[in-house]
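# Examination of the molecular architecture
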Amino acid sequence: MSAPETPVRLQMRHISKHFGGVRALRDVSVTAHAGEVHALCGENGAGKSTLMKILAGAITEYEGRIVLEGREVGFSGPRAAEDAGIRIIYQELNLVPELTVAANIFLGRERRRGLGLLDDRAMAAEARRLFERLGATIAPRALVGDLRIGDQQMVEIAKALAFDAVIVIMDEPTSALSGAEVARLYRVIADLKRHGTTVLYISHKMNEVFTLADRVTVLRDGQLVASAPRGRSNPRQVIRWMVGREIAELRVEHPATAGTAILQVEGLSLPSPVHSGRPSLHDLSFAVRAGEVLGIAGLLGAGRTELLEALFGASPAPPSGTILLDGQPVLFRSPDQAIAAGVALVTEDRKAFGLFDQMTVAENITIRRLQALTWGHLIDRQAQARAVAESIRRLAIKAASGRTAITSLSGGNQQKCILARWLLIEPKVLLLDEPTRGIDVGAKAEISALIRRLVAQGMAIVMTSSELPELLTVSDRILVLCEGRQTAELSRAEATEESIIHAATQFLDRAARTS
Ligand SMILES: Nc1ncnc2c1ncn2[C@@H]1O[C@H](COP(=O)(O)OP(=O)(O)OP(=O)(O)O)[C@@H](O)[C@H]1O
Ligand SMILES: [Mg+2]
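Thresholds, definitions, all that
- Residues numbered from 1 in each chain as written.
- Chains lettered and ligands numbered in written order.
- Predicted model: local features only at pLDDT ≥ 70, side-chain atom pairs only at ≥ 80, totals over all residues.
- Helix = DSSP H or I, 4+ residues; strand = E, 2+ residues; numbered from the N terminus.
- Rg over C-alpha atoms; globule rule 2.2 N^0.38 Å.
- Buried ≥ 20, exposed ≤ 12 C-beta atoms within 10 Å, placed from the backbone.
- Pairing = 2+ DSSP bridges.
- Axes fitted to C-alpha atoms, helices over the stretch in contact; angles between N-to-C directions.
- Contact = placed C-beta atoms within 7 Å.
- Core = buried A, V, L, I, M, F, W, Y, C linked by C-beta atoms within 7 Å.
- Domains from an automatic or database assignment.
- Nonpolar A, V, L, I, M, F, W, Y, C, P; charged D, E, K, R; others polar.
- Expected span 1.5 Å × (residues − 1).
- Arc of directions from axis to C-beta.
- Near = placed C-beta within 6 Å.
- Right-handed = clockwise from strand over helix to strand, strands pointing away.
- Parallel < 35°, antiparallel > 145°, perpendicular 65-115°, else oblique.
- Left-handed = near helix turned anticlockwise from the far one by under 90°.

## Quick notes on the overall build of the protein chain
For the protein chain, the count of helices and strands is 19 helices and 22 strands. Relative to the compact-globule value of 24 Å for 515 residues, the protein chain shows a C-alpha radius of gyration of 23 Å, a close match. C-alpha atoms of the protein chain, sized along the principal axes, occupy 70 × 60 × 50 Å. Per-residue burial for the protein chain yields a buried fraction of 46% across its 515 residues.

## Thoughts on the sheet that holds strand β2 (residues 22–33)
Strand order in this open sheet of four strands is β2-β1-β4-β5, and the pairing throughout is antiparallel. Since the sheet does not close on itself, it has two edges, and those belong to β2 and β5 (71–73), each with one partner. Taking each pair of neighbouring strands and ignoring which way they run, the sheet shows an average axis angle of 25°. Where strand β4 (residues 63–68) meets β5, three bridges bridge the pair, whose relative direction is antiparallel. Each residue of the ladder has a partner; that of I66, found in β5, is V73. Along the sheet, helix α1 (residues 48–55) makes contact with β1 (8–19), β2 and β4, crossing β1 at roughly 115°.

## With respect to the nonpolar core
Within the largest apolar cluster, 72 residues are counted, with the highest numbers of intra-cluster contacts made by A39, L55, A127, I169 and Y201. Among the nonpolar cores identified, the runner-up in size contains 70 residues, and L294, A310, L423 and V462 belong to it.

## Quick notes on the domain arrangement of the protein chain
Domain annotation for the protein chain reports domain 1 (3–243) and domain 2 (261–342 + 427–514). Each of domain 1 and domain 2 has a C-alpha centre, and the two are 32 Å apart. Taken together, the contacts link 11 residues of domain 1 with nine residues of domain 2. Taken together, the residues that form the side of domain 1 that touches domain 2 break down as two nonpolar, seven polar and two charged.

## Some thoughts on helix α6 (residues 179–194)
Between its first and last C-alpha, α6 extends 23 Å over 16 residues, near the 22 Å set by a 1.5 Å rise per residue. Those residues of α6 that fall on the buried side of the exposure criterion are E181, L185, I189, L192 and K193. Projected onto a plane normal to the axis of α6, the buried residues spread over an arc of 125° and lie on a single side. Exposed residues pointing more than 90 degrees away from the buried face of α6 are listed as A180, A183, R187, A190, D191 and R194. Contacts from the buried residues of α6 go to β3 (37–41), α5 (149–161), β7 (167–171), β8 (198–202) and α7 (206–212). Positive backbone phi, at 85°, marks G196, one or two positions downstream of α6.

## With respect to the sheet that holds strand β14 (residues 320–325)
What the four strands build is an open sheet, ordered β12-β11-β14-β15; its pairing is antiparallel. Of all the strands in the sheet, just β12 (281–289) and β15 (328–329) have a single pairing partner and so form its edges. In this structure, strand β11 (residues 261–270) lies alongside β12, joined through six bridges in antiparallel fashion. Bridging across to β12, V265 finds its partner in F286. The sheet strands contacting helix α9 (residues 304–311) are β11, β12 and β14, and the helix crosses β12 at an angle near 65°.

## Considerations on the pairing of β4
Bridge analysis of β1 against β4 gives five bridges, and the strand direction is antiparallel. Directly across from Q11, in β4, lies its bridge partner V67. Between β4 and β5, which pair antiparallel in sequence order, lie two residues; one of them, E69, sits at a positive phi of approximately 50°.

## Looking at the site of ligand 1
Taken together, 20 residues lie near ligand 1, and F19, S49, S408, S410 and G412 sit nearest. Class assignment for the residues of the shell around ligand 1 results in five nonpolar, 12 polar and three charged.

## As for the environment of A389
Mapped onto the elements of the fold, A389 is located in helix α14 (residues 381–394). Linking A389 and A362, residues 27 residues apart in sequence, is a C-alpha distance of 8.7 Å.

## Digging into the environment of F210
Here F210 lies in helix α7. For F210, the residues in contact, after removing those within four places along its chain, are R230 and P235.

## Points about unusual backbone geometry
Positive phi values are uncommon outside glycine, yet D27 reaches one of about 50°. Along the chain, D27 falls in strand β2.

## Quick look at the pairing of β7
Side-chain direction in a regular strand flips from residue to residue, so the side chains alternate between the two faces of the sheet. The buried fraction of β7 is high, at five of five residues. With burial as the criterion, each face of β7 is covered, one bearing I167, I169 and D171 and the other bearing V168 and M170. Where strand β6 (residues 86–89) lies against β7, four bridges are found, and the strand directions are parallel. Along β7, the bridge assignment pairs I89 with M170. Bridging between β7 and β8 involves five bridges; their strand directions are parallel. Within the sheet, the bridge partner assigned to M170 lies in β8 and is Y201. For the crossover that starts at β7, traverses α6 and ends in the parallel β8, the hand is right-handed.

## What to know about the packing of helix α4 (residues 120–134) against α5
Running from N to C, α4 and α5 cross one another at 110°; their axes reach a closest spacing of 10 Å. By the angle between their axes, α4 is roughly perpendicular relative to α5. As for the relative orientation of α4 and α5, their crossing is right-handed in sense. The residues of α5 that touch α4, namely those facing A127, L130, F131 and L134, are M154, I157, A158 and L161. Broken down by class, the residue content of the contact of α4 with α5 amounts to eight nonpolar, no polar and no charged.

Below, the structure is given as structure tokens:
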């Protein structure tokens, strides 16, 4: 089914938006049809989320008009947009960690019994049905704060599906999902389409866009660059529209001689916090040398994040086994000890662990360096400003200045600030958990190149990425995990998408065969 045959559902006309001096959107017009999956692409900071927040009533001051089903609308807030049938899955998950899964899904629209009492049972049952539809196993009464980020993303999706919608906005919905979860989300999207729902889909992943979308609209620097049916564009073209130039294929040098082993891990195991039976990590042994990138591959739940946390002293329970840093045994009991020894971790969940959202860009970047930048009780503002300017330049962070509030940056640029923070402490070992989550194609290539430059200067890097092509490009070796065990250690010559997937599903296949 192609879109133009179905009626027009939404017109956003001449939308402009300023944040102080920042022009986030300039005269953008977009038309979406019923039953259409409409992809919105653009670099970090291009204005995608802002445009969708306007549609969802989260931003109420803007110029331009919104016409929904032929009628001009102006939403006074998110609630009014919801009443009109518009639901949004936010990029920065918008859940209340202290509430249960079901309470989050029905927040503000609780199911009630007689006398206005909350109908917890009905809400839990409905949440369970939603998760069934999504193929997820999440307990409706679990606290959202206790869930892994991938599951939180599922809750956010369930929340958008809980009520009939005419338009569902998905702002990078798959950034924390595993392959199987993504496949299920695709089926749900196909289902929404069949029912005539319009899906507005923001993604940096070209394969997603070209699998799902009927139409692709591209923004650059707050302006509309192009809007074309899928059949009349291709990934290369869309990237060119996004960045306004060709992106060179990233070619990285992988010198054969890495230095001495900086990090050695022997027999590392970690008990599971929930299932007393199966450990989170089981008997892992590997080494990382100066000047090399060790990639960690595995499906969601394979233990990738747990491994990085164990190396960083951030595990809920202490791991067993030996970790040697520069030949000295270390067992960090806290991240502070790890940082003092020269180990840094960039986490995948920037909202929970990384960002200080009351602070400025400069403060977020330098917070780990404040001690070094402080004389007596005074922060050396000049040195701070230099460090910040250098970081902004090095990582091409799009921010008006260091004094900008971190929350006013686009998602991808916030991620770059966190990376900048850890680079400032000049770690010996840098642990990167999904470092390019939510980062656009151009910036991804920049970050991959930066990673290679860092190891060329003698750093040792351990990184995870659920995007295999990226992991294959950047890594010197790849360690594959499956259910907390190491199922392969592949050299550059051996590592291919097939060999990794084979190793990543080793135990799962066996379990499937014997059951
Ligand atoms: N609340 C705000 N205050 C000030 N500036 C803002 C605010 N929200 C967004 N901006 C600015 O508007 C521009 C567009 O941001 P937006 O979040 O829409 O980008 P995006 O296309 O969604 O990027 P990403 O891919 O990184 O998520 C950016 O320059 C951003 O810094
Ligand atoms: Mg965004």
